[in-house]
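# Summary of the model geometry
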Amino acid sequence: MAPRTAATGANLVLASLLATLSYVPFELVAKLTLIVCLIIFVLDPFPESRLVAVGGVGGVLLLNRARQHFLASSETQESQPHQDNKTKSE
């Protein structure tokens, strides 16, 4: 088994940044991700990095759609018990 290496400073900075982003609203994180992907797409000349940028945008799009779907379904579930109570009391 390979010996375990110590975490470098860059890994700790990345871990701290990701931990901080977990407390920020989704919309802000999504916008920051899109800005970073745009910068990577425009400034980095390598095709692989452009594919990663497009994949990042696609990931944000999928997460946004899933979030909207779950928010809509939770609103529907919250409104249904109120309607059921009204019909039972009538």
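Up top you'll find the structure we're talking about.
Residues numbered from 1 in each chain as written. Predicted model: local features only at pLDDT ≥ 70, side-chain atom pairs only at ≥ 80, totals over all residues. Heavy atoms only, no water.

Scanning the protein from N- to C-terminus turns up three helices and zero strands. Helices (α) and strands (β) of the protein occur, in sequence order from the N terminus, as α-α-α. Counting all 90 residues of the protein, 6% fall into the buried class. Surface summary for the protein: the accessible area is close to 7800 Å², and the carbon and sulfur share equals 68%. (Helix = DSSP H or I, 4+ residues; strand = E, 2+ residues; numbered from the N terminus. Buried < 20%, exposed > 50% of the residue type's maximum accessible area, 1.4 Å probe, protein only. Areas by Shrake-Rupley, 256 points an atom, 1.4 Å probe, with all protein chains shown as cover.)

The next thing to look at is a nonpolar patch on the surface. Side chains of Leu28, Leu32, Ile35, Leu38, Ile39, Phe41, Val42, Leu43 and Val54 sit close together on the surface and give an oily, nonpolar patch of about 850 Å² of accessible area. Ranked by the residues each element gives to the nonpolar patch, the list is headed by helix H2 (residues 26-43), at eight residues. Inspection of the secondary structure assignment puts leucine 28 in helix H2. Assessed through its relative accessible area of 43%, leucine 28 is described here as partly exposed. (Patch = residues over 30% accessible without salt bridge, like charges linked within 9 Å, V, L, I, M, F, W, Y side chains within 5 Å. Salt bridge = Lys/Arg side-chain N within 4 Å of Asp/Glu carboxyl O.)

Now for the packing of aromatic side chains. Inspection of the entire model under this criterion finds zero aromatic pairs. Here the guanidinium or amino end of arginine 50 rests over the ring plane of phenylalanine 41, the centre of that ring lying 5.2 Å away. (Phe/Tyr/Trp six-rings, centres within 6.5 Å; stacked < 30°, edge-to-face > 60°. Lys NZ or Arg CZ within 6 Å of the ring centre and 35° of its normal.)

So, about the pattern of salt bridges. A complete count under the given rule lists one salt bridge for this structure. Glutamate 27 is paired through a salt bridge with arginine 67; the nearest N and O atoms lie 3.1 Å apart. Here glutamate 27 is found in helix H2, whereas its partner arginine 67 is found in helix H3 (residues 47-89), with 40 residues between them in sequence. In this structure arginine 67 comes out as partly exposed when scored by relative accessible area, which is 30%.

On to the side chain of serine 49, then. Residue position: serine 49 is located in helix H3. Excluding anything up to four places from it in sequence, serine 49 contacts Ile40 and Asp44. (Contact = heavy atoms within 4.5 Å.)

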